[in-house]
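What follows is each chain in one-letter form.
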Amino acid sequence: MAILYQRYSSLLYAFSYRIVADHQVAEDLLQESFLAVWQRASSYSPQLGAVYTWLAAITHHRAIDYVRSRRSYVVFTLGEVKTTSNASSPDAWDEVWRSVQAAQVREAMEMLPAEQRQVIELAYFQGWTHAEIAAGCQLPLGTVKGRLRLGLIRMKHILAQIGV
């Protein structure tokens, strides 16, 4: 656990802070996430993805649950999470690759029409439900779902074109 915490805590803290915009809450979410990892370590499967992906998913779900419970949504843009990294770390190349992928996703998001980009950001980065997006943007629910679907399909094609 100490190695996992040392390697990923600053990245996961920054990730949760970007979602909740509160230092204390981000620290609490980080602690809850690592407690969940401790309690359910056996649920990790290397065949399903990297350790970082598993940890990020746990942290993301906790942060989104918090945001939904508080009903205070923060503006989240696809920005790069800055962390300090030990260059001799075996995961240094993984962090570089994640940074490259984040830049590619940002590029793909910028190529989407504004309507599709807006609903994707609200759904995936701010944790809004489809119904909340519809009410908040004053759109029919079907329109929200259609924009999400078309936006994700378009992102898939854009990312494929740039080699992701």
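From a predicted model like this one, the values you see are computed outputs, not experimental measurements. (Residues numbered from 1 in each chain as written. Predicted model: local features only at pLDDT ≥ 70, side-chain atom pairs only at ≥ 80, totals over all residues. Heavy atoms only, no water.)

Engineer: So what exactly am I meant to see when it comes to the packing of helix H6 (residues 130-137) against helix H7 (residues 141-161) here?
Structural biologist: How two helices pack is summed up by the angle between their axes together with the distance between the axes. Packing of H6 against H7 brings their axes to within 9 Å, and their N-to-C directions diverge by 110°. Compared by their axis directions, H6 and H7 come out roughly perpendicular. In this structure, H6 meets H7 at a crossing whose hand is right-handed. On the side of H6, the interface is formed by His130, Ala131, Ile133 and Ala134, while H7 contributes Leu141, Val144, Lys145 and Leu148. The residue inventory of the contact of H6 with H7, partitioned by class, reads six nonpolar, one polar and one charged. (Axes fitted to C-alpha atoms, helices over the stretch in contact; angles between N-to-C directions. Helix = DSSP H or I, 4+ residues; strand = E, 2+ residues; numbered from the N terminus. Parallel < 35°, antiparallel > 145°, perpendicular 65-115°, else oblique. Left-handed = near helix turned anticlockwise from the far one by under 90°. Contact = heavy atoms within 4.5 Å. Nonpolar A, V, L, I, M, F, W, Y, C, P; charged D, E, K, R; others polar.)

Engineer: What exactly am I supposed to notice about the side chain of Gln116 here?
Structural biologist: Structurally, Gln116 is set in helix H5 (residues 114-125). Taking relative accessible area as the criterion, Gln116 reaches 11% and is therefore assigned buried. Those residues in contact with Gln116, other than ones at most four positions away along the chain, are Arg147, Leu150, Gly151 and Arg154. (Buried < 20%, exposed > 50% of the residue type's maximum accessible area, 1.4 Å probe, protein only.)

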